[in-house]
Amino acid sequence: MTKFEEEHIKFNNEYGNCKSAYYQKAVRHHFKNWHSEEEFQEMKESYWNQAESILSMLEEIKSLKSQLQQQALPVVPEDVDEAIKYLKNHNNSTFSDLGDILTNKGFKWLNDFQFKDRRFGFGGLNNKLFILSHLAITGYTVEKPQLFKLIFPKSTTVLEKNGELNTFSDTFYQKYLIKNAMTEQEIKSIDERYWQFAVPVGDGE
């Protein structure tokens, strides 16, 4: 005897003596959501598949949203990043306080950003402070600095970041060449004469 049959007999024993119309209504109400075990399993699998599909779609939406946010964030030079960090730690700063931080490249970037977005107005140093504050709140990414390796003609000598010159065997030369790659500013701070040997490091290196 199935569970449905057991339930039906039990229900019939309780309500069998009632008037026919009431009994029929009670039966329909009591068993309206009843499903066989097979039907229940099919429904369960169907709902589970739907739930998995919805979760998968939500993950895709979340991933796309994250990608769009990353794409939308402005890419700032390193000195603009430093200026923003300085402002975060010094509440009452003026633009002149950033004179030792911002380079010509950073100042030009701020001018270009201000020109492209009319919300910030034209010119005015206070407007640039507002841009820096805006970036601190809304977010940004920092530009990856261009690195250079120093290749001396017919030599496996490497200029290390501490300013020392060391010669390596062919096996280790390329490894240490990339490991000691530096920015233009770092190379020139050691000795400007080294700059003539600078070769840009590619993305795959």
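Higher on the page you've got the structure.
*Asks:* Even after reading the chapter, I still don't get the overall build of the protein chain, so can you show me in this structure?
*Replies:* Scanning the protein chain for helices and strands turns up eight helices and six strands. With 205 residues in all, the protein chain has 26% of them scored as buried. Accessible area of the protein chain: about 15400 Å², with a carbon and sulfur share of 53%.

*Asks:* Would you take a moment to explain the packing of aromatic side chains for this structure?
*Replies:* To describe a pair of aromatic rings, you give the distance between the ring centres and the angle between the ring planes. Throughout the structure, instances matching the rule amount to five aromatic pairs. Between Phe152 and Tyr194 the ring centres are 6.0 Å apart and the planes differ by 65 degrees, which places this aromatic pair in the edge-to-face class. On the criterion of sequence distance, the pair formed by Phe152 in the loop between strand 3 (148-150) and strand 4 (157-159) and Tyr194 in the loop between helix 8 (184-190) and strand 6 (198-200) is long-range, its members being 42 residues apart. The pair formed by Phe152 and Tyr194 is uniform in burial state, with each residue classed as buried.

*Asks:* Just to check I follow, could you spell out unusual backbone geometry for this structure?
*Replies:* Excluding glycine, residues mostly have negative phi values, and the peptide bonds linking residues are mostly trans. The backbone phi angle of Lys154 is positive, close to 50 degrees, even though this residue is not glycine. For Lys154, a relative accessible area of 91% corresponds to the exposed category.

*Asks:* What's the story with the pattern of salt bridges in this structure? I'm lost.
*Replies:* A side chain with one charge may pair with a side chain of the opposite charge, provided their charged atoms come close. Inspection of every chain in the model, using the stated rule, returns five salt bridges. A salt bridge links Lys85 to Asp81, with the shortest nitrogen-to-oxygen separation between them at 3.1 Å. Of this pair, Lys85 and Asp81 both sit in helix 4 (residues 78-89), four residues apart, roughly one helical turn. Using a relative accessible area of 45% as the deciding quantity, one classes Lys85 as partly exposed.

*Asks:* Could you clarify how one ought to interpret the layout of surface pockets in this entry?
*Replies:* Rolled over the atoms, a probe with the dimensions of a water molecule shows which regions are left empty. Roughly 490 Å³ of internal volume is contained in the largest pocket. As for the largest pocket, its lining consists of 16 residues, and the residues nearest its centre are Glu78, Lys105, Pro145, Thr183 and Gln185. Breaking the lining of the largest pocket down by element, the ones donating at least two residues are helix 4 and helix 8. Tallied by class, residues from the lining of the largest pocket come to four nonpolar, four polar and eight charged.

*Asks:* Hey, could you run me through a nonpolar patch on the surface in this one?
*Replies:* On the surface, Ile54, Leu55, Met57, Leu58 and Ile61 cluster together into a nonpolar patch covering about 510 Å² of accessible area. Within the element layout of this structure, Ile61 appears in helix 3 (residues 37-72).

*Asks:* Just to check I follow, could you spell out helix 5 (residues 104-116) for this structure?
*Replies:* In an α-helix, one full turn covers 3.6 residues, which means residues spaced three or four apart are oriented alike. Here helix 5 spans 18 Å end to end across 13 residues, near enough to the 18 Å set by a 1.5 Å rise per residue. Turning to helix 5, its buried residues number three or more, namely Gly106, Trp109, Leu110, Phe113 and Gln114. Taken down its axis, helix 5 places every buried residue within 130 degrees of arc, on the same side. Projecting away from the buried face of helix 5 at angles above 90 degrees are the exposed residues Asn104, Lys108, Phe115 and Lys116.

*Asks:* Could you clarify how one ought to interpret the environment of Asn180 in this entry?
*Replies:* Looking at where Asn180 falls in the secondary structure, it is placed in the loop between helix 7 (170-179) and helix 8. Here the alpha-carbon distance between Asn180 and Asn162, two residues 18 residues apart in the chain, equals 9.2 Å. Excluding anything up to four places from it in sequence, Asn180 contacts Val158, Leu159, Glu160 and Lys161.

*Asks:* Explain the side chain of Lys128 to me, please; I cannot follow it from the model alone.
*Replies:* Along the chain, Lys128 turns up in helix 6 (residues 125-138). Here Lys128 is buried and forms no salt bridge, its nearest opposite-charge partner Asp112 lying at an N-O distance of 9.5 Å.

*Asks:* I would appreciate a short explanation of the nonpolar core in the present structure.
*Replies:* Most often, soluble globular proteins keep nonpolar side chains buried together rather than apart. Judged by nonpolar contacts, the single largest core of 18 residues is most densely connected at Val80, Leu98, Leu102, Trp109, Leu110, Leu132 and Leu135. Once residues within four sequence positions are removed from consideration, Leu98 is found in contact with Ala83, Tyr86, Leu87, Leu129 and Leu132. Counting residues in hydrophobic clusters, the runner-up holds eight residues, among them Phe148, Met182, Ile187 and Tyr194.

Rules used in this analysis
- Residues numbered from 1 in each chain as written.
- Predicted model: local features only at pLDDT ≥ 70, side-chain atom pairs only at ≥ 80, totals over all residues.
- Heavy atoms only, no water.
- Helix = DSSP H or I, 4+ residues; strand = E, 2+ residues; numbered from the N terminus.
- Buried < 20%, exposed > 50% of the residue type's maximum accessible area, 1.4 Å probe, protein only.
- Areas by Shrake-Rupley, 256 points an atom, 1.4 Å probe, with all protein chains shown as cover.
- Phe/Tyr/Trp six-rings, centres within 6.5 Å; stacked < 30°, edge-to-face > 60°.
- Salt bridge = Lys/Arg side-chain N within 4 Å of Asp/Glu carboxyl O.
- 1 Å grid on protein atoms, 1.4 Å probe; cavity = no way out; pocket = protein on both sides within 12 Å on 5 of 7 lines; lining within 4 Å.
- Points joined across faces, edges and corners; volume = space filled by probe spheres on them.
- Nonpolar A, V, L, I, M, F, W, Y, C, P; charged D, E, K, R; others polar.
- Patch = residues over 30% accessible without salt bridge, like charges linked within 9 Å, V, L, I, M, F, W, Y side chains within 5 Å.
- Expected span 1.5 Å × (residues − 1).
- Arc of directions from axis to C-beta.
- Contact = heavy atoms within 4.5 Å.
- Lys, Arg positive; Asp, Glu negative; His and termini not counted.
- Core = buried A, V, L, I, M, F, W, Y, C linked by side-chain atoms within 4.5 Å.

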